[in-house]
Amino acid sequence: MAKPSSSLSTPHYGKPLAGWRLRWYTIIFEADTRAGRVFDLSLIALILLSIAVVMADSVQAIHQSHGPMLNGAEWLFTVLFTAEYIARLLCVRKPLQYATSFFGIIDLVAVLPTYLALFFPELHALIDVRVLRLLRVFRVFKLAAYVAEYQFLGRALAASGRKILVFLSAVLMVVLVMGTVMYVVEGQTNGFTSIPTSVYWAISTVTTVGFGDITPKTDLGRLIASFMMLMGWGILAVPTGIVTAEMAAQRQMQVSQAPTTRTCHECLSEGHGPGADFCSGCGARLPPYQQHADTAS
């Protein structure tokens, strides 16, 4: 199995080898155990509740009637998230690398606004950045397959990038020409005050959006507009076909099994299959799959 390359699935901040730090790491960072599953579900529930509190507090009527209670709840959430952030730093071998990683920064930013609000009250609304931490839902609900599909889609888009660029260039030329034609046909008296304005109308028409703020008034202008609307239906199908063809080609080359959060103790690579005995990165023997142990017990 190929080693996953996504930063969402491969931590580089170090898994401890034994002791309480390993137990904490397994619970906090891995979702393939019962305890880890409960921890992540509880964390997501706390995040949603904290965001609901902030949103409710932003409503003047609710703030005036329940302000102290909401403020107390927010401080409770902040203390819990702070304790969780400290626990994450304590249970990894490279706390600085975790603190500067994507999720480490999100965890820090999630608790800072409440403390900063003591000195700068206008920063209180920034607490809503906690919603970014819900990215962990990909792990707790075992949606690693969706992460893999995201990488698969990214590879297909990258492979079809030049074709899409050529297609967009052709569309740009079409709207530029048609916008200029409509500027000549309709003129400034009918709302087509300049070529950029006419190009804007051409883009909204060929994409079948049609805001209606600028509309042709002459018969010839309406004929051109009708042609562009019909052409828009065909244009929309082109990039879909390009990406679909590349996805089909990528799917034929894709030979892998669904990853888990199992981590090698030697090279710390993550994403090994539940039946794997050896690390695909360094060849070291993998620890037992703990979900199997939980099920057996």
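For the structure, check the block above.
A quick note: this is a predicted structure, and the numbers were derived from the prediction, not measured.

## Side note on the packing of helix H8 (residues 161–186) against helix H9 (residues 195–206)
Then step 1. Where H8 contacts H9, the two axes come as close as 8 Å, and the packing angle between them is 120°. One way to sum up the angle between H8 and H9 is to call them oblique. Crossing geometry of H8 relative to H9 is assigned as right-handed. Note on element contacts: H9 touches H8 through Ile 195, Ser 198, Val 199, Trp 201, Ala 202, Ile 203 and Val 206, opposite Val 175, Leu 176, Gly 179, Thr 180, Met 182 and Tyr 183.
Then step 2. Taken together, the residues of the contact of H8 with H9 break down into ten nonpolar, three polar and no charged.

## A word on the pattern of salt bridges
Then step 1. In this structure the tally under the stated criterion is two salt bridges.
Then step 2. For Glu 84, the salt bridge identified is with Arg 88, shortest N-O distance 2.4 Å. Taken together, the residues span about one helical turn, with Glu 84 and Arg 88 both in helix H3 (residues 60–90) at a distance of four residues.
Then step 3. Salt bridges here are not isolated pairs; linked through shared partners, they connect Glu 84, Arg 88 and Asp 107.

What counts, and at which threshold
Residues numbered from 1 in each chain as written. Predicted model: local features only at pLDDT ≥ 70, side-chain atom pairs only at ≥ 80, totals over all residues. Heavy atoms only, no water. Axes fitted to C-alpha atoms, helices over the stretch in contact; angles between N-to-C directions. Helix = DSSP H or I, 4+ residues; strand = E, 2+ residues; numbered from the N terminus. Parallel < 35°, antiparallel > 145°, perpendicular 65-115°, else oblique. Left-handed = near helix turned anticlockwise from the far one by under 90°. Contact = heavy atoms within 4.5 Å. Nonpolar A, V, L, I, M, F, W, Y, C, P; charged D, E, K, R; others polar. Salt bridge = Lys/Arg side-chain N within 4 Å of Asp/Glu carboxyl O.

Read these as spatial facts, not as claims about activity.
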